[in-house]
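# Overview (structure and organization)
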Amino acid sequence: MNMRDFLHEANFVAGQWVQADAGERMVVTDKANGSVIGHIPVSGAAETRRAIDAAHVAFTSFSKLTAGERAGMLQSLAGVIRNHADALAELLTNEQGKPFAEAKGEVLIGASYIQWFAEEARRVYGETIPSPWADRRMLVVREPVGVFAAITPWNFPFSMLARKVGAGLAAGCTCVVKPSEFTPYCGLVWAQLAQMAGIPDGVINILTGDAAAIGEEMTSNDKVRKITFTGSTRVGKLLAERAGAAMKRFSMELGGNAPFIVFDDADLDAAVEGAMAAKYRNAGQTCVCTNRFYVQRGIYDEFAEKMAEKVVGLKVAPGMEEGAMQGPLINEAAIAKVEDHIADALAKGGVLKIGGKRHELGGNFFAPTLITAGHQEMKVAREETFGPLSVLIPFDQEEEAIAMANDTEYGLAAYFYTRDLGRTFRVGSALEYGMIGINAGIITTEVAPFGGVKDSGQGREGGRQGLDDYLNVKYLSIAGI
């Protein structure tokens, strides 16, 4: 099968491919050249309601399957994804823009999330409580919350959904999914993959369209018992407010402003490699990518030179081109934000070392950029850039670096490099973040919990903790024994 075999231009509800009621459609473009890939339905509240109804009906039977039966379906799903990884990666590259190698990595980690939760489905344990009454037994069991609604972003449109679908189905839940309109096909394809894996109709329902109307129905409909969202903090707070008003469970993975600290005792070559991975992957369009570099003054110049050599070597090209290392940004607004942060940094004393402008390829391509002489008053130290811009900020003392790193409302990911064991524990404890990479620039894996604190969200995805948000705890007190 090739990429086109996985490209669907319809909603998927109750096992059927259907169009929006009004027949209205929106265009989806290739982010590298602007060409039209296809069209998708513009759905609203009515279509969302039917999708929720389908998930609600399916929940009655799906939730009663044994853990082993659900695990088997998820194992099959993981296998289907791996068997078609190249075609799925090509689909991802065409609609999102990231290099094919990165896209395939995303597809494969998506399969790993499904595999992990297939295995965890068999380990949804309860417990027995020692009873204070002689004639009673006290049990605690965990049951699926019900129908969940998932809203996923454009930057990792395949793997983000894998985290949610894998955990939810492992727990026995059914779902309604709204993928981003920028990258809808990597969401819609999950319907086909589910069918190929033998997952029953109605368990996964997917629709595209009006984000406000779909979100309003998801948060207000009584049949939806949980909302899971990955995206901006602004939208996440709005959804959480609405979900809270209806007493729905919710988990939110929101914005970030990741610091990357390099201490003077670090392995500089390893730190530079980690910095490149943490910053320029997906053209800097990741919620956990480095947004601020803090480099101790004694090694600042050497680090800057070593990093500049690496930045210059990045190959900017369409994602399907051989050797591409950075693809286009998602749209013009993304480019404008990078340009704004660069202009602000330079106006406040920053020194442009590499890049700083749109790439000669035109369109949504932007040159990888490195600026030195940064400081805390620059926008890049306050706002998430979401683009291929690095600003290096010098510091003198450990306490200073920690204070600057924590000086943000966000708390998703942080990174630091040191060979001092005591510093590893001191700084790791002091940083106010949900995930910390120590001498590592890539930390995401299916076996560990992913999520943040403060304005970066609530809940965790991945790891054994990833099931918790899809399960209710029930206490049974059995008397008369």
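In case you missed it, the structure is sitting above this.
Cut-offs applied
- Residues numbered from 1 in each chain as written.
- Predicted model: local features only at pLDDT ≥ 70, side-chain atom pairs only at ≥ 80, totals over all residues.
- Heavy atoms only, no water.
- Pairing = 2+ DSSP bridges.
- Helix = DSSP H or I, 4+ residues; strand = E, 2+ residues; numbered from the N terminus.
- Axes fitted to C-alpha atoms, helices over the stretch in contact; angles between N-to-C directions.
- Buried < 20%, exposed > 50% of the residue type's maximum accessible area, 1.4 Å probe, protein only.
- Parallel < 35°, antiparallel > 145°, perpendicular 65-115°, else oblique.
- Left-handed = near helix turned anticlockwise from the far one by under 90°.
- Contact = heavy atoms within 4.5 Å.
- Nonpolar A, V, L, I, M, F, W, Y, C, P; charged D, E, K, R; others polar.

Here 3 strands make up an open sheet; going across it, the order is β5-β6-β20 and the pairing antiparallel. Looking at the sheet topology across the chains shown, the edges are occupied by β5 (127-129) and β20 (471-478). Within this sheet the neighbouring strands show an average axis-to-axis angle of 25°, counted without direction. Examined bridge by bridge, strand β6 (residues 137-144) and β20 share 8 bridges and lie antiparallel to one another.

A separate point is the pairing of strand β15 (residues 369-372). It is a general feature of regular strands that their side chains alternate between the two faces of the sheet. Side chains of β15 alternate between two faces, with Thr-369 and Ile-371 and Leu-370 and Thr-372 buried alike. Inspection of the sheet shows strand β14 (residues 351-354) paired to β15 by 3 bridges, in the antiparallel sense. If you follow Val-351 over to β15, its bridge partner there is Thr-372. Sheet analysis places β15 next to strand β16 (residues 389-395), joined by 3 bridges and oriented parallel. Bridging across to β16, Leu-370 finds its partner in Ser-390.

With that out of the way, let us pick up the packing of helix α12 (residues 398-406) against helix α13 (residues 421-430). Packing of α12 against α13 leaves a shortest axis separation of 10 Å and a crossing angle of 30°. With respect to each other, α12 and α13 are oriented roughly parallel. In this structure, α12 crosses over α13, and the sense of that crossing is right-handed. Judged by residue contacts, Glu-398, Ile-402 and Asn-406 of α12 engage Arg-423, Arg-426, Val-427 and Ala-430 from α13. Considered class by class, the residues forming the contact of α12 with α13 number 3 nonpolar, 1 polar and 3 charged.

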